[in-house]
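Next come the chains, spelled out residue by residue.
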Amino acid sequence: MNLETRLPRNGKEGALYGAIICTLTVLFMTSLNIILASREFNGEVAFMILKTLPIMWIIVMILEPVFIGRIAEKLVDKFTEPTDSFNTKIMFRILFTVLGMSACMTLIGHIVGNGLSSEIFSNFLTNWPRNFLIVLIAESLVIQPIARLAMVKLHAVQDKKVMEC
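Residues numbered from 1 in each chain as written. Predicted model: local features only at pLDDT ≥ 70, side-chain atom pairs only at ≥ 80, totals over all residues. Heavy atoms only, no water.

J.: Explain the overall build of the chain to me, please; I cannot follow it from the model alone.
T.: Broken down by element type, the chain carries four helices and zero strands. Ordered by position from N to C terminus, the α and β elements of the chain give α-α-α-α. With the C-alpha coordinates of the chain rotated into their principal frame, the extents come out at 60 × 35 × 25 Å. Evaluated residue by residue, the chain yields a buried proportion of 32% over its 165 residues. Here the analysis covers contacts within the chain between residues at least 6 apart in sequence; of these, 70% occur between residues at least 24 apart. Counting only carbon and sulfur atoms, one obtains 69% of the accessible surface of the chain, whose full area is about 10,500 Å². (Helix = DSSP H or I, 4+ residues; strand = E, 2+ residues; numbered from the N terminus. Buried < 20%, exposed > 50% of the residue type's maximum accessible area, 1.4 Å probe, protein only. Contact = heavy atoms within 4.5 Å. Areas by Shrake-Rupley, 256 points an atom, 1.4 Å probe, with all protein chains shown as cover.)

In C-alpha cells form, the structure reads like this:
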C-alpha cells in the first residue's frame, strides 16, 4: 500500500499539521499587521505582538478546523476530480482556506487590535486584499511546504520503525 507521506494520516498528525500551519501563519500575519498598523518596530510593538499572538492563535486553531477548513474541503471536492493531481488539490485547498481565513481574521484582527469601531469595514476593504495576497503567497511557497516536510519526516521515522519490527 502506497500511503501519501506529505499529508497527515490520522487525527493526531492532522492536529500537528494544522498547528504548524496555524502557528507559522499567525506568527507571520499578526506580526506583519501590527507592524504595518504601528508604522514602526520597537520594544512596545514587539510586546504588543507577543500579547496578541496567543489570542490570535487560539482563534485560528478553533476557526480553521471547525468552520473554514470544512467549507474549504467541500469546495475542493466540488472543483476537483478524483483524478486531479495532489498539487491541484492542495492549491485549491490553500486558495479556499486563505480566502475564508484572511477575510475572517482581517475582521477579527481589527476587533482584537482596535475594538469594535465604525472603521472596521472601511479598513477591511483596504486590509483584506493585502492580507489575502500575502497569506496566499506565504502559504503556497513557505508555510504549507514546511508543514508537508514535517509530515514527510514524521512518516519516514514511523515507516522505519515499522520496517525494523
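J.: How do you make sense of the pattern of salt bridges when you look at a structure like this?
T.: Side chains bearing opposite charge may pair, as long as their charged atoms lie close to each other. Overall, the coordinates contain four salt bridges when judged by the stated rule. We note a salt bridge from R9 to D159, for which the minimum N-O separation is 3.4 Å. Pair noted here: R9 is in the segment before α1 (11-38) and D159 is in helix α4 (residues 120-164), with a separation of 150 residues, a long-range link. Overall, the relative accessible area of 30% leaves R9 in the partly exposed class. (Salt bridge = Lys/Arg side-chain N within 4 Å of Asp/Glu carboxyl O.)

J.: Would you explain the side chain of E139 in this entry?
T.: Turning to its location among the elements, E139 is positioned in helix α4. This buried residue, E139, is left without a salt bridge; R148 holds the nearest opposite charge, at 7.5 Å. Within the local environment of E139, its side chain forms a polar contact with the side chain of T25, the two groups lying 2.4 Å apart. For E139, the residues in contact, after removing those within four places along its chain, are I21, T25, I94, V98, Q144 and P145. (Lys, Arg positive; Asp, Glu negative; His and termini not counted. Polar contact = N/O pair within 3.5 Å; in protein donor to acceptor, adjacent residues only side chain to side chain.)

J.: Whenever I open this one, the packing of aromatic side chains confuses me. Can you help?
T.: Applying the stated criterion to the full structure yields five aromatic pairs. Summarising the aromatic geometry, the rings of W128 and F132 are spaced 5.7 Å apart at their centres and angled 35 degrees between planes, so their arrangement reads as tilted. Taken together, the residues span about one helical turn, with W128 and F132 both in helix α4 at a distance of four residues. Taking relative accessible area as the criterion, F132 reaches 17% and is therefore assigned buried. Through a chain of ring-to-ring contacts, three or more aromatic side chains come together here, namely F79, F92 and F96. Its guanidinium or amino end placed over the ring of F86, R6 lies 3.6 Å from that ring's centre, counting from NZ or CZ. (Phe/Tyr/Trp six-rings, centres within 6.5 Å; stacked < 30°, edge-to-face > 60°. Lys NZ or Arg CZ within 6 Å of the ring centre and 35° of its normal.)

The values are spatial; any link to function lies outside them.
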